[in-house]
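Here's the letter readout for the chains.
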Amino acid sequence: MIQYVWLVPVFPLIGFLINGLLGKKISKNTVSLVGPGSVGLSFAWVLGCFWEYLHLPAKAKPVEVFVFNWITSGTFNAQAAFLVDPLSLVMLLVVSGVGFLIHIYSVGYMHDDPGYARYFSYLNLFVVNMLILVMANNFLLMFVGWEGVGLCSYLLIGYWYEKQSASDAGKKAFVVNRIGDFGFLLGIFLIFYTFGTVNFREVFAQAHNFPVGSAILTIITLCLFVGATGKSAQIPLYTWLPDAMEGPTPVSALIHAATMVTAGVYMVARCSALYVMAPISMTVVAVIGLATAFMAASIGLAQNDIKRVLAYSTVSQLGYMFLACGVGAFVAAIFHLMTHAFFKALLFLGSGSVIHGMHGEQDMRKMGALKNKMPITYAVMLVGTLAIAGIFPFAGFFSKDEILFKALTDGHVGYWAIASLGAMMTAFYMFRLIFMTFYGEKRWDHHVHPHESPPVMTIPLIILAILSTVGGFVGIPLIQGWNVFHEFLAPSIAHVAAGHEVHHSMTFEVMMMLVSMGVAGIGIFIAYKMYIKQPELPAQVTAKVPGLYDLIYNKYYVDEIYDATVVEPIKNGSVFLWQEADSKVIDGAVNGTASVVDRLSLVIRKLETGYVQNYALGILIGVAVITGYYLGR
Amino acid sequence: MSIDIPTICLTNIGPLITLSVAGLLLLLFDAFSGKAMKKAHFHQFSLVAVVIALLQTVWLWNRQTTDFSRMIYVDNFSFFFNVIFLLGTGISIILSVHYLENYRKNYGEYYALMLFAAVGMILMAAGGNLVIIFLGVEILSIPIYILSGLFREDLKSNEAALKYLLLGAFSSAFLLFGIAMLYGGTGTFYLADLAAFIKKSGMNGFTYVGMGLLIVGFGFKVSMAPFHMWTPDVYEGAPTSITAFMSVGTKAAAFAAFLRVFLEVFPTVRMEWDLLLWVAAVATMTVGNVTALAQTNIKRMLAYSSIAHAGYILVGLIAGNQLGATGILYYLLAYTIMNLGAFGVVIAVARKKDNYLNIYDYAGLGFQYPGLAAVMSVFLFSLVGMPPTAGFLGKFYLFSAAVEAGYIWLVIIAVINSLISVYYYLRITVIMYMQPAEADLGPVAMTPVVNATLIISALAVLLIGIFPGSIFQLAMNSVKIFGS
């Protein structure tokens, strides 16, 4: 099956074509069959490939499946070829698996939307591009997927384009991502310039010939990381992600939580061979990740929109993944990426279920006491929250604990301290979300009648809840030989050439686990205290530190700062360039050239007299010139 | 005394035999069959002949050899061009049917002449001897003279035919004289022997003049400046289907001969002809593009633009390297499809008796006939050379070959010229989509076959633009015969 792995993106592509071209002509049922069905086929095919890969002899791994020569020009060659190795398989499983569940969920969630077929065609196109992104065997093909998911993200954020805020958010996401893409593109150019190829295998093989810390590798990795900060919403380019919540909730779940935003993490992990040669870049990645994790978590403390809380929590969790990459724990990053995909998709879809049941209400201050109205949603949301808070034995516990542990042992005690503080805040704001939504008094309007969602929505939720519960068991770090995930991924990941391979005692590891559990527990306890026991407490706290509260409630005013320092100057500059430079200088030059060409054209036209004699004369002059030229030498 | 009877293998000229026999049969049918069956079956018969010839061509793939006492080459170069010619002929036949019926000119000889012209093209690409190439030129030209004047009652058509005949004969004389000069200088007509002679003993006065006159002869056929002036008048006056056929077929055939002669016989003395062609290429592109700007008749505009395209292709010839030759082959294939496609739309929109040939007749087409406007846009974008169309990659290969060979300024001028072409090509798109129709366009008759042809052509333009790999490889294999 691996030889036909190119079918994996082809299935959803067919789905996209059917829904996109014929969407208006075929029935809604057909659309609901084609959209999710095509992704389901992909998932099945990926499972088959995975099974086959496990049974391949070690010599045959990894597999590169050549499809066709895409561009050949001089020494430059880009193939359309797919790389099947542990890393891409994990990503494929996550993308197609979670994607499939979200497609099914969408059938229920989007059922009454007038643009039903358009929605599914975009969603399918997104899956196509995401699959290309993770399967590509070279940077250029990866960039195709990279741009493709960016486009689909734009289309889906602005899906309800008649809403001003939605189309603004789509535009914002697109523009901010362009900045990152530019960095990524520069990185690719530099890679081709340095290595003479864009193929992963060839680039990584040559990377070892450079000295550790060489300037060019540092610049390349930093450029690539700029791309990652755009796509994965890290400081300074994270501002688009919270606004992206204007899209339909399943889109937020699939694109802006579970898959697309992890592209940057995937790319950094894929390029681990380059990053380990550039310690400065590693530090940058770690610090940016850490700062993002902390800052986004703190913003999450004060948000009242249920989806915004989750959005900031996504930014924060992505920060943890980059922190892991930055300290060299690429496997831990991918592990967290996977578990995060499960529980964040679950949380978003759960919040979607809440919003669905509340007739579109997203403000948590108008919810409360939904526990009995939506028992299934409540149960799965609780599972997801326990997972993200890092409570044993839920999936997030293992992955987050591994990151914290690695931050301490391979990084810096400061990393660990700040990351742990972030984890505490995570536990706090997530339980704040649970308590505000499902507990306490009901604060919804009397005309709202909350109800549980239909099975087509709850079944994917239950499956994701199961995954969020058991998904962590593949990577139990404690006992040698139990960390299946680690062993499986090892061939795809380069390691920091470290001299100090310290073996930590088991007691130390267990202790650290207990500490991180304790940290989460404190966060939960505070949330419980503030939102269940003494509901008047939040107001008091806010009143005590009004400045700090305003600061985080207004997201540190980052949007405003960007507006004042970047957006407005560019806008004013553009207006100036448009009115002064463009309309006067450039248009003047263009019009001038055009009129010159025009006049020239009239002159030449006069040569076209229509008289055969004149034409023959022209030929004769040509002959005279040519023979004269040759006879004259 | 013994007579050597040269061994010949008829399958090597299979396509030629098929096309000639089919042409002759068509003439006989036309003379001896009843009126009813004429209209329906001539084009089908000729299409079948083209398809058979295409199959026979495929059979010839990778046969690197010569035949008929080295008179013709049977190699991948001629294979590739055969495909271009047959494709061009086939599409032109499909586009002709409805057009001719409108004029009540659905004659058998029309199709027979087209097939004969195709025979001439194939000979030009396959000729291993200058005499054969000249023969090819004439076999190609004479049917085209007749076809240009097909509408005998139409003054313009008559004018086109007469002009083309007079000037064609004029230039043929130079071509022939050049061949004679080369014979005088070297004592042979064979390309291979000519090449060996020039490599060994260098150039002399005769060969210089001969080479110069070959440039004149081929230059006329590809409409290279200053031998291009016939092009707009002939293209405008000839029946549109013939204009389409001429603009791709004649040009491709002439370039095939041009390329083969200059890269096989004169590669060692490239310094002697590159400057001349450099000047001619720049003049050709510039004249073509600048004049096209001022045209409002779409046939005339496409005529001038086809002059400009000849200029681009000359860039590849001047580069004189493998990539340049590959680029020419790729570009000619792309050009055949996109130009025929554009002409197909022109034929469809012009309707009865070419009433709608002004570019402003296209106003509102995007709304009334979105499909037609969409395929036209694809062809126009490709003619401009925008990614991801075939036209873009064709230009890219041609220009990068010239950069590789060091002709930076030539490429800069070529790119500026492409920019100029954006204006007049995209003006059509703008008119189609952004101007409301002044009056109802009325029905545009489309047969399913024409529809399918246009759609497939548009898809092909996109497809070989996005996935150029296999075509590029094929073209590269086809020019391996040129050593350098």
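Residues numbered from 1 in each chain as written. Chains lettered and ligands numbered in written order. Predicted model: local features only at pLDDT ≥ 70, side-chain atom pairs only at ≥ 80, totals over all residues. Heavy atoms only, no water.

Structural notes on the overall build of chain B
The line we're drawing: Segments assigned H or I by DSSP are reported as helices when at least four residues long, segments assigned E as strands when at least two residues long, and all are numbered from the N terminus. Taken over C-alpha atoms, the radius of gyration is set against a globule rule of 2.2 Å times the number of residues to the power 0.38. Categorising residues by exposure relies on relative accessible area from a 1.4 Å probe, with only protein chains included: less than 20% of the type maximum marks a residue as buried, more than 50% marks it as exposed, and the intermediate range marks it as partly exposed. Only the protein chains shown count as cover for residues, with accessible areas throughout obtained via the Shrake-Rupley method and a probe of 1.4 Å. His is not counted, nor are the chain ends, whereas Lys and Arg count as positive and Asp and Glu as negative. To locate a charge, take atom NZ for lysine, CZ for arginine, CG for aspartate or CD for glutamate.
When helices and strands are tallied, chain B shows 19 helices and 2 strands. The C-alpha radius of gyration computed for chain B amounts to 21 Å, which stays within 12% of the reference 23 Å derived for 484 residues, consistent with globular compactness. Here the C-alpha coordinates of chain B stretch approximately 75 × 60 × 40 Å along the principal axes. Here chain B, with 484 residues, has 64% of them falling under the buried criterion. A total of about 16,700 Å² of accessible surface is found on chain B, and carbon and sulfur atoms cover 72% of it. Each charge class in chain B can be summarised by its mean position, and for the 24 positive and 21 negative side chains these summaries are 3 Å apart.

Describing the environment of Asn76(B)
All names here are of chain B. Definition in use: The contact rule is simple, with two residues in contact once any of their heavy atoms fall within 4.5 Å.
Turning to its location among the elements, Asn 76 is positioned in helix 3 (residues 76-103). A sequence separation of 106 residues divides Asn 76 from Leu 182, and the C-alpha atoms of the two residues are 26 Å apart. Leaving out residues up to four positions away in the same chain, Asn 76 has contacts with Trp 61, Asn 62, Arg 63, Gln 64, Asn 477 and Ser 478.

Focus on helix 19 (residues 455-470) of chain A
Residues and elements named next belong to chain A. Keep this limit in mind: What a helix should span is 1.5 Å times the count of its residues minus one. Note that the arc is computed from the directions linking the helix axis to the C-beta atoms.
Over its 16 residues, helix 19 runs 22 Å from end to end, which matches the ideal 22 Å to within 8%, given 1.5 Å per residue. What helix 19 keeps buried is the set Met 457, Thr 458, Pro 460, Leu 461, Leu 464, Ala 465 and Ser 468. Buried residues along helix 19 cover an arc of 160° about the axis, so they all sit on one side. For helix 19, the elements touching its buried residues are helix 3 (86-109), helix 15 (330-357), helix 16 (375-389) and helix 17 (395-411).

Let's talk about the interface of chain B and chain A
Put simply, the rule is: What counts as buried area is the accessible surface, traced by a 1.4 Å probe, that two parts surrender upon association, with contributions from both included. Between N or O atoms, a polar contact is any pair within 3.5 Å; within protein, one atom must be a potential hydrogen donor and the other a potential acceptor, and residues adjacent in sequence are included only when both atoms are from side chains.
Counting from both sides, the interface comprises 38 residues of chain B and, opposite them, 28 residues of chain A. The contact between chain B and chain A buries some 3,000 Å² in all, and 74% of this surface belongs to carbon and sulfur atoms. The largest contributions to the chain B side of the interface with chain A come from Met229(B), Leu276(B) and Val290(B), which together make up 18% of the buried area. The interface formed by chain B and chain A holds 2 residue pairs in polar contact (both at pLDDT 80 or more) in total.

Overview of the pattern of salt bridges
Definition in use: In the sections that follow, a salt bridge refers to a side-chain nitrogen of Lys or Arg positioned within 4 Å of a carboxyl oxygen of Asp or Glu.
Following the criterion strictly, the structure yields 17 salt bridges over all chains and no others. For Asp85(A), the salt bridge goes to Arg270(A), with nearest N and O atoms at 2.8 Å. Here the residue Asp85(A) occupies a position in the loop between strand 2 (76-84) and helix 3, and Arg270(A) occupies one in helix 11 (residues 263-270), the gap between them amounting to 185 residues. Taking the shortest distance from any N to any O, the salt bridge between Glu147(A) and Arg178(A) comes out at 2.4 Å. Pair noted here: Glu147(A) is in helix 5 (residues 139-157) and Arg178(A) is in helix 6 (residues 164-195), with a separation of 31 residues, a long-range link. The class for Arg178(A) is partly exposed, based on a relative accessible area of 36%. Here the salt bridges do not stand alone but share partners, grouping Lys156(B), Glu159(B), Lys163(B), Asp233(B), Glu236(B) and Arg300(B) into one network.

Overview of the confidence of the model for chain B
Defined as follows: A residue's pLDDT is the predictor's confidence in that residue, given on a scale from 0 to 100.
Averaged over every residue, the pLDDT of chain B is 89; residues scoring 70 or more account for 97%. Here the predicted complex carries an ipTM of 0.88, next to a pTM of 0.74.

Overview of a nonpolar patch on the surface
All names here are of chain B. Operational definition: Exposure above 30% relative accessible area and the absence of a salt bridge qualify a residue for a patch, where like charges join within 9 Å and nonpolar side chains (Val, Leu, Ile, Met, Phe, Trp, Tyr) within 5 Å.
Side chains of Ile 8, Leu 10, Ile 17, Val 21, Leu 25, Leu 28, Phe 29 and Phe 32 sit close together on the surface and give an oily, nonpolar patch of about 750 Å² of accessible area. As for its position among the elements, Val 21 is in helix 1 (residues 14-32). Residue classification places Val 21 among the partly exposed residues on the basis of a relative accessible area of 42%.

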